[in-house]
Amino acid sequence: MDGSRARRRRLGYVVALGVACLGAAYAYLTKLESDRKESIALYDIVYPTFLDWKKSKYNPYVLFGFQHPAQPIRIQGSVNQVESEVNPTPDLHTDGIAQYYIDRTRENMPGWKAKQIGDVEAKGVRFRVIERESPVRRVVSGFAVKGNTTLIVSMTAGVEGMNGVPKLLPQFQDYLARIEFRPAPMVASRD
């Protein structure tokens, strides 16, 4: 009898271990699928106007733009989206793309300096803010990546307005915090 009881106990442990392993495998696979869907999701960008600045002319590469009413300083936002079953550039997340711009500036733009300024938490996304400058231009950019949607918002000035850019940095960062990434409606399959 004792041998029979011991076998049943061992069988009970094996069954319990098997159920636990199946549960863990299911949770792991569910998490993988959830992460995959999140990494390829597309988002609509909701952005307010910037202070009392005038809207500037758009082109196919600019989502929005504003011009300072009295100084030659402008803000523009550009979005890139990839509709795909995979994320084609997983290393170009928020931190990665900002660092990419810093590295390429230092490597390929003689006379330019580039540095990270910090992060700004927005609605549903985080921006990494960098500054790049040369003797004749200053650019402050916020980079945000969520899923397969990338937004770059830049405040730019040439030599005439570049000293005004640092003074506007707090308002620019407040502006970034008001931008929202909203899940885009699902597109029906084209097949």
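Heads up: the structure comes first, above all this text.
Structural notes, computed from the coordinates. Owing to the predicted nature of the structure, the values given are computational and were not obtained by experimental measurement. (Residues numbered from 1 in each chain as written. Predicted model: local features only at pLDDT ≥ 70, side-chain atom pairs only at ≥ 80, totals over all residues. Heavy atoms only, no water.)

### Comments concerning the overall build of the chain
The secondary structure content of the chain amounts to three helices and nine strands. Mapped from its N terminus to its C terminus, the chain presents α and β elements in the order α-β-β-β-β-α-β-β-β-β-α-β. Counting every position in the chain, which comprises 191 residues, the buried fraction comes to 33%. Nonlocal contacts in the chain, meaning residues at least 24 apart in sequence, comprise 56% of its contacts between residues at least 6 apart. When the accessible surface of the chain is summed, it comes to about 12100 Å², and 56% of that surface belongs to carbon and sulfur atoms. (Helix = DSSP H or I, 4+ residues; strand = E, 2+ residues; numbered from the N terminus. Buried < 20%, exposed > 50% of the residue type's maximum accessible area, 1.4 Å probe, protein only. Contact = heavy atoms within 4.5 Å. Areas by Shrake-Rupley, 256 points an atom, 1.4 Å probe, with all protein chains shown as cover.)

### Notes on the pattern of salt bridges
Side-chain pairs of opposite charge can arise where the charged atoms are in close proximity. With the rule as written, the count across this model stands at nine salt bridges. For the salt bridge of D95 with R126, the shortest nitrogen-to-oxygen distance reads 2.9 Å. In this pair, D95 is assigned in helix α2 (residues 94–108) and R126 in strand β6 (residues 126–134), connecting sequence segments 31 residues apart. By relative accessible area, D95 is classed as partly exposed at 27%. Its salt-bridge partner being D95, residue R128 comes within 3.0 Å of it at the nearest N-O pair. (Salt bridge = Lys/Arg side-chain N within 4 Å of Asp/Glu carboxyl O.)

### Some thoughts on the packing of aromatic side chains
The tally for this structure, following the rule as stated, stands at nine aromatic pairs. With a centroid separation of 4.2 Å and an interplanar angle of 25 degrees, the aromatic rings of Y47 and F64 are classed as stacked. Residue Y47 is located in the loop between β1 (43–46) and β2 (54–55), and its partner F64 is located in strand β3 (residues 64–67); the two are separated by 17 residues in the primary sequence. Taking the relative accessible area as the measure of exposure, Y47 reaches 29% and is therefore partly exposed. Among the residues examined, F64 registers a relative accessible area of 0% and is labelled buried. Within the aromatic cluster, the residues linked to one another by ring pairs are Y47, F50, W53, F64, F66 and Y175. (Phe/Tyr/Trp six-rings, centres within 6.5 Å; stacked < 30°, edge-to-face > 60°.)

Note that all results are geometric; they support no functional claim without further evidence.
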